[in-house]
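# A structural walkthrough
One letter stands for each residue in the lines below.
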Amino acid sequence: MRGHAVLLVVDVQKGFVTPASAHVVAPIEALQARFERVVFTAFENPDPSPFRDILAYDKLSPDDPDTELALRPRDDALILTRCAYGGGRSLIDSLRGMDAETVYLCGIATEACVLKTALDLFEAGITPLLLADLCASDKDRRYHDMALEILSKAIGPHNLRHSGTVFET
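Below you will find a few notes about this structure.

The rules we used
Residues numbered from 1 in each chain as written. Predicted model: local features only at pLDDT ≥ 70, side-chain atom pairs only at ≥ 80, totals over all residues. Heavy atoms only, no water. Buried < 20%, exposed > 50% of the residue type's maximum accessible area, 1.4 Å probe, protein only. Helix = DSSP H or I, 4+ residues; strand = E, 2+ residues; numbered from the N terminus. Phe/Tyr/Trp six-rings, centres within 6.5 Å; stacked < 30°, edge-to-face > 60°. Salt bridge = Lys/Arg side-chain N within 4 Å of Asp/Glu carboxyl O.

With that out of the way, let us pick up helix α4 (residues 110-123). For an α-helix, 3.6 residues make a turn, and residues three or four places apart therefore share a direction. Among the residues of α4, those classed as buried are T110, C113, V114, L115, T117, A118, D120 and L121. G125 lies just past α4 and shows a positive phi near 80 degrees.

Moving on to the packing of aromatic side chains. Two measures describe an aromatic ring pair: the distance that separates the ring centres and the angle between the ring planes. On inspection of all chains with the given rule, the structure shows four aromatic pairs. When the ring of F16 is compared with that of F43, the centres are 6.3 Å apart and the planes differ by 45 degrees; the resulting orientation is tilted. Note that F16 is positioned in the loop between β1 (5-10) and α1 (25-31) and F43 in strand β2 (residues 37-43), a separation of 27 residues in sequence. Side by side, F16 and F43 carry an identical accessibility label, which is buried. Look at F43 and F51: their rings are 4.9 Å apart centre to centre, the planes differ by 75 degrees, and that puts the pair in the edge-to-face class. Accessibility classification places F43 together with F51 in one group, the buried group. Members of the aromatic cluster, connected to one another through ring pairs, are F16, F43, F51 and Y85.

Here the focus is the pattern of salt bridges. Any two side chains of opposite charge can pair, on the condition that their charged atoms come close. By the definition in use, this model includes nine salt bridges. We note a salt bridge from D11 to R82, for which the minimum N-O separation is 2.8 Å. A residue pair is termed long-range when its members are at least 10 positions apart, and D11 in the loop between β1 and α1 and R82 in strand β3 (residues 78-82) qualify at 71 residues. In this pair, the class of D11 matches that of R82, namely buried. Here D93 makes a salt bridge to R89, at a shortest N to O gap of 3.3 Å.

All we've got here are geometric facts, nothing functional implied.
So this is what it looks like as structure tokens:
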């Protein structure tokens, strides 16, 4: 693989950790050690925002303790805060600056921010390898499963992986 192995952790924040998603937190925290580079995204919902105005979703305001990460990022991890489903230009530029051609993607919620981030990476020419067992919906397993089905079509079934196979040769 050319470039660096980058782990991208999407929105593993206190406000998104629920009984449906809690199982991914500890394995993601442990997985950080296996990568050269680690990037986290963290969602914040300022006022005003489309999440507040269109969806009437008022959680995760910038000063809310629920916006804090639910795990300990390693000391050299890059943490990017954003107020959108995807990572946007800032994430893509940061990954390009790391010489990332392939990004291992995990986090919460598969059906929203993880899905959008995977599509953003794909459209930017960065291969998203989705670690399906380390993604979850904060609402219900069925949303996770539906998102995996969509992502299988959108980024290719060969780009959905299990975390235990990441470093197999």
